Amino acid sequence: MISTSGMPSTNFYNVPKSISEGIEAEVTWLPPIENLQLLVSYSFNHTRIDSGTAQDLTDPAAIEPGAQPIGPAKACAAAAPGDAPCDPWTGLIQRTQSLAGQRLPNAPENKVAINANYTWREVLGGDVVGSLSYVYRDVQYGTVFTRSYNKAPDWDQWDARLTWTSKDSRDRLIAFIKNITNSLGFDAGALGARY
């Protein structure tokens, strides 16, 4: 979340009731080709928040599409003593929102990882392992508000690695290429800001 001063801030919030359910599977296959190994892993994680309230610091007046405000919109000019602060961008009183139906932050629904590796024996006094990996991660959101301004898109990445290990396992050389296709990836969901 972003603080009202525009400086990044970390806010902790205990969601009263949420559900995270899914499956995770991993398969290792040794095909009938000597020294070849294939690995595939997949996870499905469906999350939802069942209860809770919070204020979206990017949409304090709760007017963006998908907002679930608690209480009617009220102009700042009609503010009464004890009302929430005024949102200077919209001219409306700030409102808390229901979190029911939102997704948990930084929880992509689908993730896939595939790896193939092959070992060449007795090469330059050791073994060489070649590895090619593919990773896919689904969209995710950076906060408890499932909104377009908090969304990181889905992405994928290819990596390759060659590892030489001496016969006595004392020496190892590694050469690798990370993100072969130079695609844009995201470790976490986005955080909307009001500048």
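Every value quoted in this text rests on a predicted model; they were computed, and no experiment measured them.

Calculation notes
- Every residue gets a number counted from 1 within its own chain, in the order that chain's sequence is written.
- Local features in this predicted model are restricted to residues of pLDDT 70 or higher, and side-chain atom pairs are both shown and tallied only at a pLDDT of 80 or more, whereas totals for entire chains, interfaces and linings draw on every residue.
- Side-chain measures were taken over the full set of non-hydrogen atoms in the model, leaving aside hydrogen atoms and water.
- Put simply, two rings from Phe, Tyr or Trp (the six-membered ring, in Trp's case) pair if the centres are within 6.5 Å, and we call them stacked under 30 degrees between planes, edge-to-face over 60, tilted for the rest.
- In this description a helix means any DSSP run of H or I spanning at least four residues, a strand means any run of E spanning at least two, and both kinds are numbered starting from the N terminus.
- For the exposure calls, accessible area comes from a 1.4 Å probe over protein chains only, and a residue counts as buried if that area is under 20% of its type's maximum, exposed if over 50%, partly exposed in between.
- Each nonpolar core is a collection of buried residues, namely Ala, Val, Leu, Ile, Met, Phe, Trp, Tyr and Cys, held together in the definition by side-chain atoms within 4.5 Å.
- Throughout, a residue-residue contact means that at least one pair of heavy atoms, one from each residue, lies within 4.5 Å.
- Strand pairing follows a simple DSSP-based rule, namely that at least 2 bridges must link the two strands.

Trainee: Please clarify how the packing of aromatic side chains should be interpreted in this entry.
Mentor: Two aromatic rings are characterised by how far apart their centres lie and by the angle between their planes. Counted by the stated rule, this structure contains 2 aromatic pairs. A ring pair is formed by Tyr118 and Trp120, whose centres lie 4.9 Å apart and whose planes are at 70°; its orientation type is edge-to-face. With centroids separated by 4.9 Å and ring planes inclined at 50°, the aromatic side chains of Tyr134 and Trp158 adopt a geometry described as tilted. A residue pair is termed long-range when its members are at least 10 positions apart, and Tyr134 in strand β8 (residues 126-137) and Trp158 in strand β11 (residues 155-166) qualify at 24 residues. Here Trp158 falls in the partly exposed class, since its relative accessible area comes to 34%.

Trainee: Is there a simple way to think about the nonpolar core in this case?
Mentor: Counting residues in each nonpolar core, the largest one holds 6 residues, listed as Ile49, Ala54, Leu99, Leu104, Val144 and Phe145. The residues touching Val144, leaving out its near neighbours within four places in the chain, are Val15, Ile49, Leu99, Gln102, Arg103 and Pro105.

Trainee: Where do I start with the pairing of strand β1 (residues 17-29) in this structure?
Mentor: For a regular strand, side chains alternate in direction, first toward one face of the sheet and then toward the other. Note that β1 and strand β2 (residues 36-51) share 13 bridges and pair antiparallel. Bridged to Ser18 within β2 is Ile49. Hairpin geometry of β1 and β2 is characterised by an intervening segment of 6 residues between the two adjacent antiparallel strands and by a positive phi of about 75° at Asn35.

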